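# Remarks on the overall topology
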Amino acid sequence: MSALTVLVMLASPPPAALAETAAPPTLRFKKLGPLGHDEPSMLSLLQDRQGFMWIGTHVNGLYRYNGYGVVRYQSRANDPKSLPHDRVSTLFEDRQGRIWAGTQDGLALFNPASNDFTVYAAPQGPKNRGIIKQIVADGRDGMWLASWGGLQHFDPATGKFTVYQHDAQRPGSLASNDVNALARDAQGGLWVATWPGGLDYLPPGGTEFVHHHVDPAGSADPRTNIVRALHFDAGGALWIGTESGVLRWDGKGDWSTRKQVPAPNSRVTSFYIDRSGTLWATTLSAGLLRWNAAAGTFTQYRHTPNDPYSLPGDSTRAMLQDRSGMLWVATFTDGISLVNLNSSGFARYVPQHGAPSGVAVSNEVLAVARAPDGKLWLGGNVGISLFDPAANTVVRRYTSDPRQPGSLSQNIVYSLYQGADGPLWAGTSNGLNRLDNPAGPFKVIQFGNPASNYINAIAPGRGGILWLATGNSLIRYEPATGQHRMFQNDPADPASRAVNGTSSVLEDRAGRVWMGSEWNGGGLDLLDPKTGKFRHFTRADAPGSLADDNISSLHEDSLGRIWIGTAKGLQQVVQSGDSITFRSYTEATRGAKILSIRSDLDDQLWASTIVGLFRIDPATAKATLYTAADGMTDGFTVNSSTPGPDGILYFGGVHGLTAVSPRDVRSQSVPPQLSITDIKVYNRSLAEPGPHAGVTLDGTVTAPRALTLSSRTPAFSIEFAALHYTEPGLNRYAYRLEGFDRDWVETDASRRAATYTNLDPGRYVFRVKAANHRGQWSSEPVTLTVTITPPFWETWWFRMLAAALALLLLWAAWHWRVRRLKRVNRSLEDLVRARTAALEESHLKLAAQSTTDGLTGVTNRRAFDARLDAEWRRAARTGQVLALAMVDLDWFRQYNERYGHAAGDAALRAVAEVLARHARRTTDFLARHGGEEFVLLWVAGDAAAAQNEAQAICADVAALAMPHEDSPLGKLTVSIGVAALRPLSEGREELLRRAEEALAKAKLRGKNGVVVAAAEA
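Predicted model, so just to flag it, every value in this text is computed and none were measured. (Residues numbered from 1 in each chain as written. Predicted model: local features only at pLDDT ≥ 70, side-chain atom pairs only at ≥ 80, totals over all residues. Heavy atoms only, no water.)

## Considering the side chain of Glu93
Looking at the element boundaries, Glu93 is found in strand β6 (residues 88–93). Looking at Glu93, its side chain comes within polar contact range of the main-chain nitrogen of Arg49, at 3.1 Å. (Helix = DSSP H or I, 4+ residues; strand = E, 2+ residues; numbered from the N terminus. Polar contact = N/O pair within 3.5 Å; in protein donor to acceptor, adjacent residues only side chain to side chain.)

## Re the sheet that holds strand β1 (residues 30–31)
Sheet architecture is open: 4 strands sit in the order β1-β28-β27-β26, paired in antiparallel fashion. Strands at the two margins of the open sheet, each flanked by one partner only, are β1 and β26 (316–321). The sheet contact formed by strand β27 (residues 326–331) and strand β28 (residues 336–340) spans 5 bridges and is antiparallel. What sits directly across from Met326, in β28, is Asn340. (Pairing = 2+ DSSP bridges.)

## Some remarks on the pairing of strand β63 (residues 716–722)
Within β63, 6 of the 7 residues are buried, leaving the element largely enclosed by the surrounding structure. Bridging between β63 and strand β66 (residues 753–756) involves 4 bridges; their strand directions are antiparallel. Residue pairing for β66: Ser717 is matched across the bridge by Thr755. (Buried < 20%, exposed > 50% of the residue type's maximum accessible area, 1.4 Å probe, protein only.)

## Let's talk about the pattern of salt bridges
Any two side chains of opposite charge can pair, on the condition that their charged atoms come close. Scanning the model with the defined rule gives 46 salt bridges in all. A salt bridge links Asp138 to Arg140, with the nearest nitrogen and oxygen atoms 3.6 Å apart. Using a relative accessible area of 8% as the deciding quantity, one classes Asp138 as buried. Residue classification places Arg140 among the exposed positions, given a relative accessible area of 55%. A salt bridge links Glu897 to Arg893; its shortest N-O distance comes to 3.0 Å. On the criterion of helical spacing, the pair formed by Glu897 and Arg893 is a turn pair, its members being 4 residues apart in helix α7 (residues 892–899). Assessed through its relative accessible area of 54%, Glu897 is described here as exposed. Accessibility expressed as a relative area gives 45% for Arg893, which makes it partly exposed. One salt-bridge network, held together by shared partners, links Glu990, Arg993, Arg994 and Glu997. (Salt bridge = Lys/Arg side-chain N within 4 Å of Asp/Glu carboxyl O.)

## Some points on a nonpolar patch on the surface
A cluster of nonpolar side chains, contributed by Leu805, Leu808, Leu809, Trp811 and Trp814, occupies part of the molecular surface with about 600 Å² of accessible area. Summarising the element assignment, Leu808 is placed in helix α4 (residues 796–823). (Patch = residues over 30% accessible without salt bridge, like charges linked within 9 Å, V, L, I, M, F, W, Y side chains within 5 Å. Areas by Shrake-Rupley, 256 points an atom, 1.4 Å probe, with all protein chains shown as cover.)

## A look at the nonpolar core
Formed by 33 residues in total, the largest nonpolar core has its most connected members in Leu889, Val911, Phe934, Val974 and Ile976. Ranked by residue count, the leading element in this core is helix α8 (residues 901–917), at 7 residues. (Core = buried A, V, L, I, M, F, W, Y, C linked by side-chain atoms within 4.5 Å.)

## Topic: the packing of aromatic side chains
Tallied over the full model, the rule gives 45 aromatic pairs. On the basis of an interplanar angle of 50 degrees and a centroid distance of 5.5 Å, the ring pair of Phe720 and Tyr733 is categorised as tilted. One end of the pair, Phe720, is in strand β63; the other, Tyr733, is in strand β64 (residues 732–738), with 13 residues separating them in the sequence. For the pair formed by Phe720 and Tyr733, the shared burial category is buried. By the ring-pair criterion, three or more aromatic residues cluster together here, those being Trp54, Tyr73, Phe110 and Phe117. The ring of Trp744 carries the charged tip of Lys769 above its face, separated from the ring centre by 4.3 Å. Across the ring face of Trp777, the terminal group of Lys769 is positioned such that the distance to the ring centre comes to 5.7 Å. (Phe/Tyr/Trp six-rings, centres within 6.5 Å; stacked < 30°, edge-to-face > 60°. Lys NZ or Arg CZ within 6 Å of the ring centre and 35° of its normal.)

## Observations regarding the packing of α8 against helix α9 (residues 943–959)
Two elements in contact, α8 and α9, have axes whose closest approach is 10 Å; the angle formed by their N-to-C orientations is 140 degrees. Viewed along their axes, α8 and α9 adopt a mutual orientation that is oblique. Like other packed secondary-structure pairs, α8 and α9 cross with a definite hand, here right-handed. Note on element contacts: α9 touches α8 through Ile953, Asp956 and Val957, opposite Val911, Val914 and Leu915. Its residues placed into classes, the contact of α8 with α9 shows 5 nonpolar, no polar and 1 charged. (Axes fitted to C-alpha atoms, helices over the stretch in contact; angles between N-to-C directions. Parallel < 35°, antiparallel > 145°, perpendicular 65-115°, else oblique. Left-handed = near helix turned anticlockwise from the far one by under 90°. Contact = heavy atoms within 4.5 Å. Nonpolar A, V, L, I, M, F, W, Y, C, P; charged D, E, K, R; others polar.)

## Things to note about unusual backbone geometry
With an omega of -5 degrees, the peptide bond running from Trp195 to Pro196 counts as cis. If you trace the backbone, Pro196 turns up in the loop between β15 (190–195) and β16 (198–202). Here the residue pair Gly440 and Pro441 is connected by a cis peptide bond, since its omega of 0 degrees sits within 30 degrees of zero. Tracing the backbone shows Pro441 in the loop between β37 (431–435) and β38 (442–445). The phi torsion at Asp603 lies on the positive side, around 60 degrees, for a residue other than glycine. Summarising the element assignment, Asp603 is placed in the loop between β51 (594–599) and β52 (605–609). Residue Lys1007 is not a glycine yet carries a positive backbone phi of 70 degrees. Tracing the chain through its elements places Lys1007 in the loop between α10 (988–1004) and β73 (1010–1012).

## Quick notes on the sheet that holds strand β55 (residues 636–643)
Spatially, 4 strands are ordered β30-β57-β56-β55 in an open sheet, and the strand pairing comes out antiparallel. Strand pairing shows two members of the sheet lacking a second neighbour, β30 (346–349) and β55, which therefore form its edges. Adjacent strand axes in the sheet meet at a mean angle of 20 degrees, parallel and antiparallel pairs treated alike. Relative to strand β57 (residues 656–660), strand β56 (residues 649–653) is paired through 5 bridges, and the arrangement is antiparallel. The residue of β57 that forms the bridge with Gly652 is Leu657.

## Describing the packing of α7 against α8
Their axes nearest at 6 Å, the elements α7 and α8 cross at an angle of 135 degrees. As judged from the angle between their axes, α7 and α8 are oblique. Residues Phe892, Tyr895, Asn896 and Tyr899 of α7 lie in contact with α8, whose contacting residues are His901, Ala903, Gly904, Ala907 and Leu908. Of the residues in the contact of α7 with α8, the class split is 6 nonpolar, 3 polar and no charged.

## Here's the deal with the confidence of the model for the chain
Summarising the model, the chain shows a mean pLDDT of 90, and 94% of its residues fall at 70 or more. In the model, residues 5–23 has pLDDT below 50 throughout and makes 27 contacts with residues more than four positions away in sequence or in other chains. (pLDDT = per-residue confidence, 0-100.)

## Overview of α9
A rise of 1.5 Å per residue sets the reference length of α9, with its 17 residues, at 24 Å; its end C-alpha atoms lie 24 Å apart and thus fit the reference within 8%. Of the residues making up α9, those classed as buried are Ala943, Ala946, Glu949, Ala950, Ile953, Cys954, Val957 and Ala958. Where α9 is buried, its residues meet β69 (882–889), α8, β71 (933–939), β72 (974–981) and β73. Taken from the residues just after α9, Ala961 is the one with a positive phi, measuring 55 degrees. (Expected span 1.5 Å × (residues − 1).)

## Focus on helix α6 (residues 861–878)
Spanning 18 residues, α6 covers 25 Å between terminal C-alpha atoms, matching the ideal 26 Å at 1.5 Å per step. Of the positions making up α6, those classed as buried are Ala863, Phe864, Leu868, Glu871, Trp872 and Ala875. The buried residues of α6 occupy an angular sector of 160 degrees when projected down its axis, which confines them to one face. In α6, the exposed positions angled more than 90 degrees off the buried face are occupied by Arg862, Arg873 and Arg877. Tucked into the core, α6 has its buried residues touching β69, β70 (925–930), β71, β72 and α10. The N-capping residue of α6, defined by a side-chain oxygen 3.2 Å from the backbone nitrogen of Arg862, is Asn860. (Arc of directions from axis to C-beta.)

If you want it as structure tokens, here you go:
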């Protein structure tokens, strides 16, 4: 055993001392950020049944939060429906799901239908009677209110208040009117914390109070008698938070059995018990406390200036664990922070959290290596630290000091390695450092040029050698002799290194040496130490090649498998004889850059990446991604990992160190609750007060059942949110409006709204579902029935009325005509002639109308069929050739959907005008064949002339430059199929068939073109 190993072990505190002084790993507190544009002082928290978070503040009113944005409720002068006061000290949800707010000026009930409040005030008395500090259920449908004007009971059904107050003439009355906290026991009795009178107990159904002093007998302490928080745990024990700490009474023995619990000397502002049964306490100045039942002590979490993920402030006021498992901590001065209690098996260390003042430190861990006795060597930007994870403390620090011979050669440490009973090797940006004794000195080994003194990685090799990955070479170093050999690229030697720079190196159990560069490319090199020759493997567009030429990490697992970490994911070396290929796990790691790779005791892989930490099953290629939200440090560093004792894996990061206990890793997750958060018509929220013309909403904006819109309000949007707060930015959504959307429309957290315009009258059903960051989808979509009412002239009653009116007018006209005929009987003959002429003229007009397309003004298909029959028979007699062009508008359905039917009709008329200019001869014939299709018949034409004419038509239509955003060409175009045929034995259907086939080919060839089906027969 080396001297360094012995002395490192001696540096450890004895086990007993370790148990007393060990500090647990730090929880990762993620600050929520401003609420809208505010960062108010927080006092209270509540999650309602839908999943919304409600946040009561000191002077900013009440906020409702959905993971992305807030709705703020404030007190407004002369508005009896607003919040009565902007200080909201307590929040409560009753059995019916109603939200109650205890304010500085009374009790307020939130009305979701009208988005306002109903205010309830106790009977006349002192003004501070309206200062509500806490609300607890009475076990039925009422509630107890702690106020600074006495204890109050409120019955929501009747609106009746019952006030209990101090009466100096009644010993059994309330000890003091200033009530700070309440707790109801299992029997229904009420414990009341008064100021400064200790605790009062009101038995179930009683009216007389029993008074208790909280401070221990014989040691009077006024601060202990001031109780600020009360809570019963699952075992029936009463936890008492005072001005100076915590007491606990088991709830079974005599009151004298209460005991002081070791805790910081600070006011306790609240207690909370999470879903695992763990008790937490918030304090005025001592941060956050978590009860460790096994040790009988509190674990304290406080703000640490050099840890951005510590508790943001030490003045904590309220706590809540939401349904997704996140613990919310409300502070008075530093906003809200969240901790994920659903994940286990991860520990976050901030090594330098207890560094003495004046000592330059950094929590960035660039390198980590095992040290004796379970300790770790940590390298970073400020030297080397010997870190003890068991005590969560740095045992010793090493830094560079040019004035001190034997100190570290440079403070930036990129790599560390210590073999069994061997010295510590440290790779810096200024050479290799060797430490044989904890007290020093360091021996510095340099290799002739600054780039080769830049030691990125150290890997052990056979015979005690070291492989050094440096800035411009690979070095084989023999510690026993001090000799080294440098491997670099030689352009004249293809068996030399592919590139000079090296950032990762590995000697496998077969003695082969693998290496690569993170930034220089060059792919993966394999060195045969016997020959000194290199094989090169690079990225190629072929199966089994490297995913990327930048190699960031290398690893050999216990089964001898070689793993390659590239800039685009993870791969495994597969060897068959001399052939080497690479099996891809890039899909499992989502193509992320691999920073470091380790294997656990079950041969599962753990890979730190730029997006988080993956656990990969090599057999199935299935992977699970863990992120900072699971309690780890964020921002891992390259090749910074090591196995520790008992299967623990350590990964270095820019803000500290993550320890993974693979067999203990659990990350529970529940599907998200989902809610519609707003409905807007013409960009105006239906939650806003005032009339909304043409809109009827059944239900509330956040819980709507049906939405009815008139045809005059066709534009509306529906906003939604998954009320799952672990990683709101990674939640995903899918929505569909049945009756309009053909498929589900998927979207991410940045686009949580569906907008619809110009829907046809009818009934639709909107459905939306959501998935959390783990990909778990909500079990049932949220639905909303949407009805678009027709304009009055499309309603059934209007049509009935119009039909009746038409019949009446017809009857009146007939009756008038009969009477008129009787009066002008003598001019009947002239009238009959006039009528006959008018009728003939009408028939002529009808005949013209029957052969004309009403939209475009050209002839219709009926007239075309007749004309084609006639021309076909004539051509059969004369031997003339008939040429037919069939014209179709490209991507016309998409044009109609985007621009509307009115624009589509205008496009048809414009194309018809172009076609008419190409039907110049009296024998040419143009017709609308149906939909967006036209036909143009040329008598005595040939295929070549018809083709030229058709190409000119394509060019003229394109020259219209009518925008078409859904066309790859960006404008409206046509495709034309041309056929030319001399009637012989075939019928006219053959000409039509050939033209249609030519049109189909034009469409297939990319549209906006002409295809000729046949030459002149």
